[in-house]
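# A look at the structure
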Amino acid sequence: MLTQTRAWQRLQEHHRQVSGSHMRDLFDRDDRRMQRFSLQFEDLLFDFSKNRITDQTLELLCDLARECGLADRIEGMFAGEAVNCTEGRAALHVALRNRSNRPMKVDGEDVMPAVNAVLTQMRSFVEGVHSGAWRGFSGERIRDVVNIGIGGSDLGPRMIVQALTPYHHSGLKVHFVSNIDPADLLDTLAGLRPETTLFLVASKTFGTQETLANAHAAKDWFLRCAGDQQHVARHFVAISTHRQRVRDFGIDPENMFTFWDWVGGRYSLWSAIGLSIALAVGMQRFEELLAGAHAVDEHFRSAPFEKNLPVVMALLGIWYINFFGAASHAIVPYAQHLQRLPAYLQQADMESNGKTTTCEGRAVSWDTGPVVWGEPGTNGQHAFFQLLHQGSRLVPVDFLLPACSHYALGAHQDMLLANCLAQAEALMRGRTEDEVRRQLREEGLGTAEIERLAPHRVFPGNRPSNLFMFGKLAPRTLGSLVALYEHKIYVQGVLWGVNSFDQWGVELGKKLADTILSELQGEGDLREHDSSTTALIHRVRCFPRR
Ligand code: F6P
């Protein structure tokens with residue numbers, strides 16, 4: 001058990017010794033701290049020096065990983081073992097981006113030929129749409145692509161498409177519809193013409209209520225213009241593991257891009273689920289994204305834990321969650337185009353490690369996955385940074401900072417960089433009461449006023465952050481970044497002993513929603529609900545809804 005390991009016990013003792021020290025002093029004592037606590041991976045610099053750690057902390061955390069058998073578990077994932085223990089499945093998303101093309105096996109069968117065949121199919125489809133060889137029913141070129149999907153069939157592609165805006169193929173716009181709120185689909189369709197719109201219905205199971213309802217509504221919208229059912233084939237393609245359901249929906253399996261049950265939904269952007277990405281930026285860029293992720297996979301598999309970026313990221317998280325009681329983790333990209341990264345990582349992390357039962361079926365007695373949240377800087381500075389600096393909770397932060405912009409506009413990029421670096425420094429150093437008093441005196445304030453204001457102007461500092469710095473946000477870099485987070489999540493799941501690849505917790509709500517939907521639409525008696533839910537259903541029935 002995790003808490004019984006020798007390393008855990010030693011980490012507890014170590015925490016007692018070091019938790020009182022201030023990072024400001026650690027920096028003052030060691031002017032090579034940044035060099036010692038940073039890692040370079042291709043053009044990604046990972047600076048983790050602004051953490052409440054010493055060399056010993058890192059050693060003990062790596063010991064913990066060793067005691068938990070992490071090396072075997074990493075190999076197990078790459079070997080296609082059923083690491084998704086509750087569903088008896090492999091989690092082999094690494095095969096989707098295996099640019100080395102070395103055989104990767106699930107149940108003894110090399111999956112690479114199938115992976116490569118889908119990539120070839122994607123390439124020819126994307127080229128067809130881009131060149132105009134694939135046209136709509138009226139003979140016009142496709143101008144708009146609408147990806148209809150939710151969760152893993154939306155968040156990853158949506159985040160990547162936005163992040164790679166400077167690489168977008170001209171003449172084609174990619175849109176995303178996910179929510180069952182009618183506003184989502186209707187707002188999107190409002191600006192589109194059926195003759196020039198292509199729908200990608202993206203659903204691993206092809207059974208997700210929201211996606212199917214939106215896809216049916218989109219098909220109705222299309223047919224109101226196109227008239228003939230046979231035109232659907234030029235305007236609807238499916239991305240799924242479920243051929244029969246695709247056929248039942250009315251999409252020709254010829255127009256289906258397949259993937260496999262060993263690809264978890266939230267790990268699927270590398271599969272055909274990434275078709276919207278490939279359409280937005282071209283197949284070559286999509287393959288660069290895969291290559292960036294693959295490079296991280298090779299690093300993850302081979303680097304010693306102390307130098308292994310996703311392992312270090314994971315261990316730092318465990319240090320704060322399990323020893324400092326941190327409950328959340330903020331993701332703050334200083335890049336407008338990474339606006340959806342926090343939402344993407346929310347699903348990746350919280351659906352993966354929001355668990356309290358170990359693979360052996362026992363309840364954990366330690367904290368697991370954090371609340372993941374965030375917003376791009378500098379916007380976040382003017383919203384939630386107050387709490388990060390002076391709130392009562394410790395919130396570790398990840399900053400993501402492209403040093404160069406794709407765009408030239410005055411001193412904007414320098415200001416962005418300066419703000420990010422300043423926030424990380426301020427979180428770490430804080431401002432002491434002496435410094436505050438000195439500053440207030442310089443501002444010419446009197447003694448009484450200084451006494452009154454000083455306590456409010458003190459920043460405790462000692463607030464941890466990691467910082468990723470890279471050049472321009474390019475497909476390869478982005479692929480690497482995402483893969484780093486995926487593996488970080490896996491490592492944490494392994495150490496906490498939970499299965500990072502199932503999501504039973506979302507099922508109950510889905511089932512209840514089906515029951516309540518039929519009750520909302522009917523007149524009859526309600527099944528057994530609590531008094532609050534019953535009253536709310538009755539209240540809804542009173543509103544005119546059509
Ligand atoms: O709601 C949970 C979930 O199962 C996610 O894990 C998944 O990414 C999403 O729903 C969508 O599922 P599908 O791709 O099967 O439509």
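Residues numbered from 1 in each chain as written. Predicted model: local features only at pLDDT ≥ 70, side-chain atom pairs only at ≥ 80, totals over all residues. Heavy atoms only, no water.

### Details of the confidence of the model for the protein chain
- On average, residues of the protein chain score 97 in pLDDT, and 100% of them reach the 70 mark or higher.
- With pTM at 0.97, the complex prediction returns an ipTM value of 0.98. (pLDDT = per-residue confidence, 0-100.)

### Some details on the site of the ligand
- Surveying the vicinity of the ligand reveals 13 residues, the closest of which are Ser153, Ser203, Thr205, Thr208 and Glu351.
- Take Gly152: an N or O atom from its main chain is 2.7 Å from an oxygen atom of the ligand.
- Note that an oxygen atom of the ligand is positioned 2.6 Å from one of the side-chain N or O atoms of Glu351.
- Taking 390 Å² as the accessible area of the ligand by itself, protein coverage stands at 87%. (Near = heavy atom within 4 Å. Polar contact = N/O pair within 3.5 Å; in protein donor to acceptor, adjacent residues only side chain to side chain. Areas by Shrake-Rupley, 256 points an atom, 1.4 Å probe, with all protein chains shown as cover.)

### Things to note about the side chain of His93
- Its location among the elements puts His93 in helix H6 (residues 93–96).
- Given the relative accessible area of 2%, His93 is considered buried.
- Dropping the residues within four chain positions of it, His93 is found in contact with Met77, Trp262, Tyr267, Trp270, Glu486 and Phe501. (Helix = DSSP H or I, 4+ residues; strand = E, 2+ residues; numbered from the N terminus. Buried < 20%, exposed > 50% of the residue type's maximum accessible area, 1.4 Å probe, protein only. Contact = heavy atoms within 4.5 Å.)

### A few points about the pattern of salt bridges
- Overall, the coordinates contain 28 salt bridges when judged by the stated rule.
- A salt bridge links Glu13 to Arg16; the nearest nitrogen and oxygen atoms lie 3.1 Å apart. Separated by three residues within a single helix, Glu13 and Arg16 lie in helix H1 (residues 6–18), roughly one turn from each other.
- For Glu13, a relative accessible area of 36% gives the class partly exposed.
- Taken together, the salt bridges that share partners define one network made up of Arg99, Arg123, Glu127 and Glu287. (Salt bridge = Lys/Arg side-chain N within 4 Å of Asp/Glu carboxyl O.)

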